[in-house]
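Commentary on secondary and tertiary structure
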Amino acid sequence: MINIQLIRNRQNEVRDAMRRRNEDVPLDRIAELDATRRSTIVEADELRARRNAVSREIGRTRERPQELIDEMRQVSARIRELEESIREIEDEVNTLLLGIPNMPLADVPDGADESANIVVRTEGETRKFDFEPLPHWELGERLGIIDFQRGAKMAGSRFFVLKGKGARLQRALIDWMLDTHTREHGYTELYLPNIVTTESATANSNLPKFSDTMYRDDEDDLWLLPTAEMAITNMHRDEILPPESLPLRYVAHTPCFRREKAAAGRDTRGIKRVHQFEKVEMYRFVEPQDSDDALASLLNEAETICARLGIQYRLLQLCTGDLGFQSAKTYDIEMWAPGCDEWLEVSSCSTCTDFQARRAAIRYRPEQGARPRFVHTLNGSGLALPRVIIAILENYQQADGSVVIPDALRQYTGFDVIEC
RNA sequence: GGAGAGAUGGCCGAGCGGACGAAGGCGCCGGUCUCGAAAACCGGUAUGGGCGCAAGUUCAUCGUGGGUUCGAAUCCCACUCUCUCCGCCA
């Protein structure tokens, strides 16, 4: 959530930031409501102060002056009215505020959509083949490790089954990534609820705006995670973290569920865009002055995984128009997939500044006795599984259709090659 | 799913409807004492909103939301969560 004081005091900056994002937001309406809210509060507070004083006085003396009691009855009724209208105003302000995305940081390039994203650099060599490399859906079916038909039979389109060494490869990747982040990068592993409350989803910013992208349980009003981020943000919701407790680093493997309605008809083949996939997610809670460095090192940790797999990847900085709702700055990592002949997004690393912290009321105390401040939150995939599997299959395929397992993974898979 | 108990400040814990957020204890911070430390003693120690340049002032908050009342942590209703026992169960 954006700080309403920015709208109150630096509205032009906000307006400018929203223009860069291509967002049309009702700043005037919010400012107007905010002013009304404040003057109503003044009136209500004055009446309450009077009521408190009179009631105290009535309590002190033993008399029960009827005129005063009658007057206070009126005052209380008026206070109730004012409270009601304050509540209505705050509801509306809140609704509007919840629909405003985060402000992009100054160094985020302007641009209307993904075509304006910037390729920061490309790492590793493009693998050369002396045969025509196959797309993973063909490799997967031939090798008997990906079963699209039966996935669809069970759950409909965009679901799949991994079988045998395919399933094992996925499990190996998850273990290896978690081990790397916990042992080498200082993260604490979490096992999380995969379904969370409306409140949690709102704190992360998935609600109210993106309800149609998620699966939900109507009966209990719960939402399936589209990403572990949605749960982890709530680890410290409504908390004031004591001095010295930051930074906090968490990593978790969870399934991710996405309805992908907006992408209907796109990427229908293979496992690039599916309704359920596994992901290892890194997350940090940091002090505001540390968030830039934290983003850089988060990115570095995600890159480490790519590099050790020996697969060519590139780093993209997202332009303002392509930023996620809660993000102030985002880098994507894409792996090259020679079979389907495209770059695949395997990670997205973002700083959300104090945007989620404000929604979730996550604060920290800089030092003993100091006033609480909002933390900064950052998240990054490390990495998203099915696309890494695609990249491995397509990059490590051989002329005979078999697939070699990257060195880094072999002690986790227990085999060196997947063959027919 | 059934029966019962409970939810108060960082923690423990008290609170006949009127003693400003709330006794007391612990913890924490500052001070006195000491060569230093401990003990002892003294003082301080919530969060958010409004107004104010500020000092400050005012309002709200005792699980959440309503209600009764001049006045509610205290009474009433609903909900949520926790704990205990029973049942079921990976």
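Residues numbered from 1 in each chain as written. Chains lettered and ligands numbered in written order. Predicted model: local features only at pLDDT ≥ 70, side-chain atom pairs only at ≥ 80, totals over all residues. Heavy atoms only, no water.

**Brief notes about the state of the cysteines**
Under the definition given, this model contains zero disulfides. Here C256 stays free of any disulfide, with the sulfur of C349 as its closest cysteine sulfur at 14 Å. Summary of cysteine pairing: C306 is not part of a disulfide, and the nearest cysteine sulfur, belonging to C349, is at 9.1 Å. (Disulfide = S-S within 2.5 Å.)

**Considerations on the pattern of salt bridges**
Within this structure, the stated rule accounts for 36 salt bridges. The closest approach of N and O atoms between R73 and D70, which form a salt bridge, is 4.0 Å. One end of the pair, R73, and the other, D70, are both in helix α4 (residues 66-98), three residues apart, so they sit about a helical turn from each other. For E84, the salt bridge is made with R87, and the minimal N-O distance between the two is 2.7 Å. Residue E84 and its partner R87 are located together in helix α4, separated by three residues, close to a single helical turn. Judged by relative accessible area, R87 falls into the partly exposed class, the value being 46%. Taken together, the shared-partner salt bridges in this structure form one network comprising E260, D267, K272, R273 and E342. (Salt bridge = Lys/Arg side-chain N within 4 Å of Asp/Glu carboxyl O. Helix = DSSP H or I, 4+ residues; strand = E, 2+ residues; numbered from the N terminus. Buried < 20%, exposed > 50% of the residue type's maximum accessible area, 1.4 Å probe, protein only.)

**Some details on the protein's contact with RNA strand B**
In the vicinity of RNA strand B, 24 residues are found, and the nearest of them are D45, R64, R73, S76 and R365. Between RNA strand B and S76, the relevant distance is 2.7 Å, taken from a phosphate oxygen to a side-chain nitrogen or oxygen of the residue. In the model, a sugar or linking oxygen of RNA strand B is placed 2.9 Å from a nitrogen or oxygen of the Q368 side chain. Secondary-structure elements contributing two or more residues to the surface near RNA strand B are α3 (27-60) and α4. Take the surface near RNA strand B: its biggest share by element is twelve residues, from α3. (Near = heavy atom within 4 Å. Polar contact = N/O pair within 3.5 Å; in protein donor to acceptor, adjacent residues only side chain to side chain.)

Bear in mind that shape data such as this cannot, by itself, settle questions of function.
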